[in-house]
Amino acid sequence: MAVQAGESEKVALSCNNGNITNVFDDSFANPTGINEKTLLRKLDLKLLPPLTILYLLSFLDRSNIGNAKLDGLAKDLRITGNQYLLTLTIYFVGYVLFEIPCNIVLKRTTPKFWLPTLMFVWGVVATLLGITQNFAGIVVARFFLGVTESGLFPGVVFYLSMWYKRTETHYRIALFFSAASLAGAFGGILAYGIGFMRGAADLNGWRWIFILEGLLTVVVAVLSYLFIHNYPTTAPFLTDYERSYIHARLKGDSDATNTEHFAWANVTAALKDYKCWMYGLGFHTLSLPLYTLSLFLPTIINELGYKAAEAQLLTVPPYAVATILTVTVAIFSERTKKRAPFILASTSLAIIGYIVLLTAPRSKPGVSYLGTIFAAAGIYPSTAIVLSWPAANVSGQSKRATATAMTITIGNLGAVLGTQLYRPATSPRWYLGHGFALGYLVANLANTGLLWVLLERENNSKMERKERGVESGDESDGGSVKSDEDVRFIFQT
């Protein structure tokens, strides 16, 4: 079997072993009796664990600065409260600027090369955070941490859309994204343990947090070159029959089996599609509460009256609950094939959490702590669905890669704003930060509800055109779906 790297890996597989011909014809009937559920479990076991570990370490390396602050970072480097906020903001500036370029590079190279390479470089940068000696050094390091991490999430979302049907991607992306909340829990435990290394090699505990967690990322990055696969046509763990079956099941569902060379016209198509901007707005209204919670939760809990070591450990339960709910909501969303209703419900739970944080009396820190659990439990499931929505609803490989990157780029602008809201002067009630988070979540309800209505309207229009026999041009040849204008391409709502 002859294959080429890069884009040619998505070309239809030809099996010339004398047993199979035209395996990708629409009449493909699974002659070997491949069990679809068994094959999906095989894909999940091969693809999801390494990707989840990558994202867990990515989120750990971007958010551990909150744990490091409690362990003496600001005091040692003589960083003021507002300077600390700038170190948080600058990360997202680098992230936003390089997100779309990184996804274009992924489209022009391969996941097996690009994803581990990104991880290796950000691991080095994360490690160097542990040896910074002043405010300028940590600002520069945080900027380049954002640059190097920017390609991971949108790249993986696009990557998974090349393996799974549109109705199957949300659950997988949610499992992948659950690593973010897991990283919060894991980070609190790690920070608590690493804190006891204070004084080792004459280094304070916060330096060891960066050094050890960064080195762990570097080691995993080197190993991931062995475990990250490209696309189904070259994955060594699949048989020829399994590759053929994957291609056949994707052909009528999405564009994953098409041979599409990169073209700027496809990038422009995403920029002109109002839905792509609304997906971005959906994440924008969630990213502010998402990242402010992950970056400031240790400080918020500390200001409730708990000691630093206690606060590190108390960050674990909110993230643990969030992880469980993210996976649970993903399962029900996948089974019902609905997205918007679950976003509305989860976001409403987060709104309750922030109302509690804003109104709970100072004399009852346990009530405020319960508010952080509600907030995390609502934010993470909603975010997982929003981030998977464009992967399911945008067709055309380059357009989808661009739309996914747009979603996260527009979304992270909310994080840029959010990192400036939790100012020391607003402690310990954090009315400014909590108030903005609450307002953004209400805006998320409005954007989600409107998008739901508009998608349903477009679906109804497609059904009417189909009944009248009107074709947009993409479906006239009876082949695979080439764009989301195809009447066979029904949007997930």
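Let us look at the structure shown here. Bear in mind that the values here come from a model prediction, so they are computed numbers and not experimental data. (Residues numbered from 1 in each chain as written. Predicted model: local features only at pLDDT ≥ 70, side-chain atom pairs only at ≥ 80, totals over all residues. Heavy atoms only, no water.)

Moving on, we come to helix α3 (residues 81-108). The end-to-end C-alpha distance of α3 is 42 Å, a good match for the 40 Å that 28 residues give at a rise of 1.5 Å each. The sharpest bend along α3 comes to roughly 45°, located at F98, with the proline P101 sitting one to four residues further on. (Helix = DSSP H or I, 4+ residues; strand = E, 2+ residues; numbered from the N terminus. Expected span 1.5 Å × (residues − 1). Bend = angle between axes of the 7 residues up to and from the residue.)

Bringing the packing of helix α13 (residues 316-336) against helix α14 (residues 340-359) into the picture now. Two elements in contact, α13 and α14, have axes whose closest approach is 11 Å; the angle formed by their N-to-C orientations is 155°. One finds that α13 runs roughly antiparallel with respect to α14. Note that α13 runs across α14; the crossing there is right-handed. Residues L325, V329, F332, S333 and T336 of α13 touch α14, and the partners they reach there are F342, S346 and L349. Taken together, the residues that form the contact of α13 with α14 break down as five nonpolar, three polar and no charged. (Axes fitted to C-alpha atoms, helices over the stretch in contact; angles between N-to-C directions. Parallel < 35°, antiparallel > 145°, perpendicular 65-115°, else oblique. Left-handed = near helix turned anticlockwise from the far one by under 90°. Contact = heavy atoms within 4.5 Å. Nonpolar A, V, L, I, M, F, W, Y, C, P; charged D, E, K, R; others polar.)

Turning to the side chain of D273, a few remarks are in order. Take D273: it is sitting in the loop between α10 (264-272) and α11 (274-302). Relative accessible area serves as the criterion here: at 9%, D273 is assigned to the buried category. At 3.0 Å, the side chain of D273 forms a polar contact with the backbone nitrogen of K275. (Buried < 20%, exposed > 50% of the residue type's maximum accessible area, 1.4 Å probe, protein only. Polar contact = N/O pair within 3.5 Å; in protein donor to acceptor, adjacent residues only side chain to side chain.)

On to the environment of T148. You can see T148 is positioned in helix α5 (residues 135-149). Residues contacting T148, with those up to four places away along its chain left out, are L118, V121 and W122. At 3.1 Å, the side chain of T148 and the backbone oxygen of L145 are in polar contact.

As a rule of thumb, soluble globular proteins bury nonpolar side chains together. Among the nonpolar cores identified, the biggest contains 131 residues, and L43, Y55, F153, W163, F177, Y354 and Y380 are the most heavily contacted of them. Looking at this core, the element that brings in the most residues is helix α1 (residues 36-70), giving 15 residues. Leave out the neighbours within four places in its chain, and W163 touches L43, L47, N230, Y231, P232, A235, F237, L238, I246, R249 and L250. Membership of the second largest hydrophobic core comes to five residues, among which are A191, I194, I209 and I211. (Core = buried A, V, L, I, M, F, W, Y, C linked by side-chain atoms within 4.5 Å.)

A grouping of F120, V121, V124, L128, I131, V222 and Y225 is seen on the molecular surface, where their side chains present a nonpolar patch of about 550 Å² in accessible area. Counting only elements with at least two residues in the nonpolar patch, the list comes to α4 (111-128) and α8 (205-227). No other element matches the four residues that α4 contributes to the nonpolar patch. Among the residues examined, V121 registers a relative accessible area of 36% and is labelled partly exposed. (Patch = residues over 30% accessible without salt bridge, like charges linked within 9 Å, V, L, I, M, F, W, Y side chains within 5 Å. Areas by Shrake-Rupley, 256 points an atom, 1.4 Å probe, with all protein chains shown as cover. Salt bridge = Lys/Arg side-chain N within 4 Å of Asp/Glu carboxyl O.)

The peptide bond linking S427 to P428 adopts the cis configuration, its omega dihedral lying at 5°. You can see P428 is positioned in the loop between α16 (397-418) and α17 (431-468). Its identity as a non-glycine residue notwithstanding, R78 has a phi of 55°, on the positive side. Note that R78 resides in the loop between α2 (73-77) and α3. Even without being glycine, K337 reaches a positive phi, approximately 55°. Along the chain, K337 turns up in the loop between α13 and α14. Looking at K337, the relative accessible area reads 46%, which means it is partly exposed.

Moving on: the packing of aromatic side chains. Within a pair of aromatic rings, the relevant descriptors are the distance that separates the centres and the angle that separates the planes. If you walk through the whole model with that rule in mind, you get 22 aromatic pairs. With centroids separated by 6.1 Å and ring planes inclined at 85°, the aromatic side chains of F153 and F177 adopt a geometry described as edge-to-face. Of the two residues, F153 sits in helix α6 (residues 152-160) while F177 sits in helix α7 (residues 166-194), which places them 24 residues apart along the sequence. The same class applies to F153 and to F177, which are both buried. Where W163 meets F237, the ring centres are 6.0 Å apart and the plane angle is 10°; that geometry is what we call stacked. On the criterion of sequence distance, the pair formed by W163 in the loop between α6 and α7 and F237 in the loop between α8 and α9 (240-251) is long-range, its members being 74 residues apart. (Phe/Tyr/Trp six-rings, centres within 6.5 Å; stacked < 30°, edge-to-face > 60°.)

This paragraph deals with the layout of surface pockets. Estimated volume of the largest pocket: approximately 160 Å³. In this structure, the largest pocket is lined by 14 residues; those nearest its centre are K69, T299, E303, P424 and W430. For the lining of the largest pocket, the elements supplying multiple residues, two or more each, are α1, α3 and α11. Broken down by class, the residue content of the lining of the largest pocket amounts to seven nonpolar, four polar and three charged. (1 Å grid on protein atoms, 1.4 Å probe; cavity = no way out; pocket = protein on both sides within 12 Å on 5 of 7 lines; lining within 4 Å. Points joined across faces, edges and corners; volume = space filled by probe spheres on them.)

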